[in-house]
Amino acid sequence: MASELLVAALLHVLVGLVLAALVYQDASLRGSDRSWAFAAATLVFGLLFAVGYYLRRDRIGDLSPDAARSRAPLATRLGDLLRSLFLIVGAFLCAVVVVRLGADLLVGAGLLTRDTLEFRVAGSALQFVGFGVAVAGYLLVTDDWDLIPVRLPSLRGVGLIAVGVVVLLGAQIGIAQLLSHFQVQTAQNQVVATGQQNPRYFLYMIPVTILFVGPFEELVFRGGVQGILRRTWGSTVAIVIASVLFGLVHLVALIGSSGSTLAYITVAAVLGLVLGYLYERSRNLVVPAVVHGLYNTVLFGAQYLAATGA
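### Some remarks on the overall build of the protein chain
Here is step 1 of the chain: Across its full length, the protein chain holds eleven helices and two strands.
Here is step 2 of the chain: Across the protein chain, helices and strands are ordered from the amino to the carboxyl terminus as α-α-α-α-α-α-β-α-α-α-β-α-α.
Here is step 3 of the chain: Taken across its 310 residues, the protein chain has 41% of its residues classed as buried.
Here is step 4 of the chain: Counting only contacts in the protein chain whose residues sit at least 6 apart along the sequence, the fraction spanning at least 24 positions is 78%.
Here is step 5 of the chain: For the protein chain, the exposed area adds up to about 16,400 Å²; of that, 67% sits on carbon and sulfur atoms.

### Brief notes about the side chain of Glu280
Here is step 1 of the chain: With respect to the helices and strands, the residue Glu280 is situated in helix α10 (residues 258–282).
Here is step 2 of the chain: With a relative accessible area of 13%, Glu280 lands in the buried category.
Here is step 3 of the chain: Side-chain polar atoms of Glu280 contact the side chain of Ser235, separated by 3.1 Å.
Here is step 4 of the chain: Residues within four places of Glu280 in sequence aside, it is in contact with Gln226, Arg230, Ser235 and Ile239.

### Structural notes on the environment of Gly293
Here is step 1 of the chain: Locating Gly293 in the fold gives a position in helix α11 (residues 286–308).
Here is step 2 of the chain: Linking Gly293 and Pro215, residues 78 residues apart in sequence, is a C-alpha distance of 7.4 Å.

### Details of helix α5 (residues 117–142)
Here is step 1 of the chain: Look at α5: 39 Å from first C-alpha to last across 26 residues, which is about the 38 Å you get at 1.5 Å a residue.
Here is step 2 of the chain: Phi turns positive, to about 55°, at Asp143, one or two residues after α5.

### Here we look at the environment of Ala193
Here is step 1 of the chain: Within the fold, Ala193 resides in helix α7 (residues 190–197).
Here is step 2 of the chain: Each C-alpha atom, one on Ala193 and one on Ile255, is 8.5 Å from the other, the two residues being 62 residues apart in sequence.
Here is step 3 of the chain: With sequence-adjacent residues up to four places away left out, Ala193 is seen in contact with Gln188 and Ile255.

### Some remarks on the packing of helix α4 (residues 74–108) against helix α8 (residues 200–233)
What describes two packed helices is the angle between their axes and the distance between those same axes.
Here is step 1 of the chain: The N-to-C vectors of α4 and α8 enclose an angle of 170°; their axes lie 8 Å apart at closest approach. Between α4 and α8, the crossing angle belongs to the class labelled roughly antiparallel. From α4, Thr76, Arg77, Leu78, Asp80, Leu81, Arg83, Ser84, Leu87, Ile88 and Ala91 reach across to α8, where they touch Val220, Phe221, Gly224, Val225, Ile228, Leu229, Thr232 and Trp233.

### Description of the pattern of salt bridges
Here is step 1 of the chain: For the coordinates displayed, the defined rule picks out eight salt bridges.
Here is step 2 of the chain: In this structure, Arg222 and Glu218 form a salt bridge, with 2.7 Å as the shortest nitrogen-oxygen distance. Of this pair, Arg222 and Glu218 are both found in helix α8, four residues apart, which corresponds to roughly one turn of the helix.
Here is step 3 of the chain: Among the residues examined, Arg222 registers a relative accessible area of 0% and is labelled buried.

### Structural notes on unusual backbone geometry
Here is step 1 of the chain: Here the phi dihedral of Asp115 falls at roughly 65°; this positive angle occurs in a residue that is not glycine.
Here is step 2 of the chain: Position of Asp115 among the secondary structure elements: in the loop between α4 and α5.

### Comments concerning the nonpolar core
Across soluble globular proteins, nonpolar side chains have a tendency to be buried as a group.
Here is step 1 of the chain: Ranked by internal contacts, the top residues of the largest apolar core, which has 38 residues, are Ile88, Val135, Ile148, Val220 and Phe221.
Here is step 2 of the chain: Within the residue set of this core, elements represented by two or more residues are α4, α5, α8 and α9 (235–249).
Here is step 3 of the chain: Counting residues per element, this core draws most heavily on α8, at twelve residues.
Here is step 4 of the chain: Discounting residues that sit within four places of it in the chain, Phe221 has contacts with Ile88, Gln226, Ala242, Leu245, Phe246 and Val249.
Here is step 5 of the chain: Membership of the second largest hydrophobic core comes to 15 residues, among which are Ile175, Leu179, Ala263 and Tyr295.

The rules behind the values
Residues numbered from 1 in each chain as written. Predicted model: local features only at pLDDT ≥ 70, side-chain atom pairs only at ≥ 80, totals over all residues. Heavy atoms only, no water. Helix = DSSP H or I, 4+ residues; strand = E, 2+ residues; numbered from the N terminus. Buried < 20%, exposed > 50% of the residue type's maximum accessible area, 1.4 Å probe, protein only. Contact = heavy atoms within 4.5 Å. Areas by Shrake-Rupley, 256 points an atom, 1.4 Å probe, with all protein chains shown as cover. Polar contact = N/O pair within 3.5 Å; in protein donor to acceptor, adjacent residues only side chain to side chain. Expected span 1.5 Å × (residues − 1). Axes fitted to C-alpha atoms, helices over the stretch in contact; angles between N-to-C directions. Parallel < 35°, antiparallel > 145°, perpendicular 65-115°, else oblique. Salt bridge = Lys/Arg side-chain N within 4 Å of Asp/Glu carboxyl O. Core = buried A, V, L, I, M, F, W, Y, C linked by side-chain atoms within 4.5 Å.

Structure follows, in structure tokens:
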């Protein structure tokens, strides 16, 4: 099927980005002045192989009549893809507006003082409230309230939450060990940089990530983007595209070189695949939202312990 071909292509790009990051880092460590050239060659070679497969795919076999009929028209699929991208852009624009207005109101009311740790924490919470405003606006305009299923998790959902947290933490540790083995550095998130300067920030961010970051990021990328794409692209493609976009948007919060940034984005996309799979298995946004929040909580707790030497 065409959707399976697209999934293979996207996964191929993800793997290619990982390999390109490894090659770039290794060449840089060896003092090469052509690190980018080696990394680009690695990625281009992989893409050429994928294109070659696409051009020769008819030699492998034709689509069955049932599969051909089940595919949505290309224009419809592209329209849903653009709709998903507009939703992400709208979420960030709403976040900017909500942060600006909300911060001014809190400062004007005497509840916060600018340039303080508490002000920064409030800004983080308001940013994700802006995400929620964007999705609510989309659902209101489209009258598509059935797009995002939300309910109390069943016993099976609780089990998926527990398994999801363990899998995410295991994947994080495994990927970190792999990158360390190949001496690949990942970029640093601005949240971590702030917390290392003032460890109390990590503690403040724990309730923020449970109440705002996890729920509203999942609302945008799993509930909104993945939900929109699922209808015309299918579940598998929707998970992959939403995960790639989830990884890419972290670019705005990263500190580091191009190679380390690429590694971080790839890791975030891989973790997004797990969250997307959990959403499809449960069809309940609460499941990936809780997993995301608890996963971040463990990371913030570990960062606090490391920063304070506890």
